[in-house]
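An overview of the molecular structure
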Amino acid sequence: MKAIVRTKYGPPDVLQLKEVEKPTPKEDEALVKIHATSINAADLEILRGNWSARFGGPLKPIHKILGSDIAGRIEAVGRNVTQFQPGDAIWGDLSTPLGYGAFAEYVCVPENALRLKPARMTFEEAAAVPSAGANALQNLRGVGSSSFSFLLSDKGEIQPGQKVLINGAGGGVGTFAVQIAKSFGAEVTGVDSPSKLDMLRSIGADHVIDYTQEDFTKSGQQYDLILDVVASRSIFDYKRALSPKGIFVMVGGSGVAILQAFILGPLISMRGSKKMGIVMWKPNNQEDLAILEALFEAGKVAPVIDRYYTLSEVPEALRYLEGGHAKGKVIITV
């Protein structure tokens, strides 16, 4: 089969399209013929070998084929597989601990990591959802970390009328977060570059802010929840923009911002009514995919897809995402 392979850490240039051995499913696995996958910011971090990506492989990467989101059809199943059969259309997430492998024509996946694809959802739409959609959902609900027991309600959902600001709202996670927050009844403000603001309005954002013209932490407005996908400010700037019982959740950002949220966030949270920190993302969560599927079927959430690339164009797709211009998701058709 064809696959995008790497043997060392580095920029997208280290990736190569190669012929590799087609995998054979184990007893509890299904062999999936991949129809579509998508690009995530985590792919770039793992590709370049950023600090957290080197656990288990400090000098050479242990995962040769990257990519986490998959949508495709089952071609064969192991003898212990009972929920699926050849021909079934599926979708799923291959993030750690499953070992990635979506940038290829085929992949073997444990049965419990797959779901039947909704009939109304195209393969490309299904490939856009698992990582980014689940990441947005978990961070908005405050679940996934025992250290973050500050759910916005007893059910862990945003309450109608609460003010939610999403910084980096125009990317993969951000576009899902806008729609999910709206489905909970929140008043949503999306922050991003000027080229993405019309798109944010089209998916339901009540207010939009052009970050090149306005710093939301200095506007005097306060929010019940701030979700930052591209954090780069001091944690004290975010604190200033929170309502008295507001919550700041950092999804991603610079190394300094991550360190502040990880170390100072819990200290600030313990000493006052404002809560700040990081929700530890739980990948491969079937409950999250079930919720996202229901929101899609109800017409409340739909993937925003910017561009399509072929498997051989994965390096180009990663460079495009790294440039920060993608509106929503970037899809790879296989």
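The structure under discussion appears in the preceding block.
Residues numbered from 1 in each chain as written. Predicted model: local features only at pLDDT ≥ 70, side-chain atom pairs only at ≥ 80, totals over all residues. Heavy atoms only, no water.

Describing unusual backbone geometry
Here the bond from Thr-96 into Pro-97 is cis, since omega is 15°, no more than 30 degrees from zero. A positive phi angle, close to 65°, is found at Tyr-100, a residue other than glycine. Residue placement: Tyr-100 occurs in the loop between strand E5 (89-93) and strand E6 (106-110). Classification of Tyr-100 by relative accessible area gives buried; the value is 13%. (Helix = DSSP H or I, 4+ residues; strand = E, 2+ residues; numbered from the N terminus. Buried < 20%, exposed > 50% of the residue type's maximum accessible area, 1.4 Å probe, protein only.)

What about the pattern of salt bridges?
Evaluated as defined, the whole model comprises 13 salt bridges. The residue Arg-48 makes a salt bridge to Glu-322 at a minimum N-O spacing of 2.8 Å. Of this pair, Arg-48 sits in helix H1 (residues 41-48) while Glu-322 sits in helix H9 (residues 314-322), and the two are 274 residues apart along the sequence. Since its relative accessible area comes to 34%, Arg-48 is described here as partly exposed. Judged by its relative accessible area of 37%, Glu-322 is partly exposed. Taking the shortest distance from any N to any O, the salt bridge between Arg-240 and Asp-237 comes out at 3.3 Å. (Salt bridge = Lys/Arg side-chain N within 4 Å of Asp/Glu carboxyl O.)

Considering the packing of aromatic side chains
For the structure on display, the rule yields three aromatic pairs. Judged by centre distance (6.3 Å) and plane angle (45°), the ring pair of Phe-216 and Tyr-238 falls under tilted. Of this pair, Phe-216 sits in the loop between strand E10 (207-210) and strand E11 (223-228) while Tyr-238 sits in helix H6 (residues 235-240), placing them 22 residues apart in sequence. Across this residue pair, the class does not change: Phe-216 and Tyr-238 are buried. For the ring pair Tyr-238 and Phe-248, a centre distance of 4.2 Å and an interplane angle of 20° mean the geometry is stacked. Linking Tyr-238 in helix H6 with Phe-248 in strand E12 (residues 242-250), this pair joins segments that are 10 residues apart in sequence. Of the two residues, Tyr-238 and Phe-248, both sit in the buried class. Through a chain of ring-to-ring contacts, three or more aromatic side chains come together here, namely Phe-216, Tyr-238 and Phe-248. Taking the ring centre of Tyr-106 as reference, the NZ or CZ of Lys-22 above it sits at 4.1 Å. In this structure, Lys-117 packs its charged tip against the face of Phe-123, placed 4.8 Å from the ring centre. (Phe/Tyr/Trp six-rings, centres within 6.5 Å; stacked < 30°, edge-to-face > 60°. Lys NZ or Arg CZ within 6 Å of the ring centre and 35° of its normal.)

Overview of the sheet that holds E11
Hydrogen bonds between backbone atoms are what pair the strands of a sheet, whose relative direction is either parallel or antiparallel. In spatial order, the strands read E10-E9-E8-E11-E12-E13; together these six strands make up an open sheet with parallel pairing. Every other strand in the sheet has two partners, leaving E10 and strand E13 (275-277) as the edge strands with one partner each. The sheet shows a mean angle of 15° between the axes of neighbouring strands, direction not considered. Relative to strand E9 (residues 187-192), strand E8 (residues 163-167) runs parallel, the two being bridged by five bridges. Residue pairing across strands places Leu-165 opposite Thr-189, the latter belonging to E9. Against the sheet, helix H3 (residues 130-141) touches E8, E11 and E12, its axis set at about 150° to E11. (Pairing = 2+ DSSP bridges. Axes fitted to C-alpha atoms, helices over the stretch in contact; angles between N-to-C directions. Contact = heavy atoms within 4.5 Å.)

These results come straight from atomic positions and should not be treated as a statement about function.
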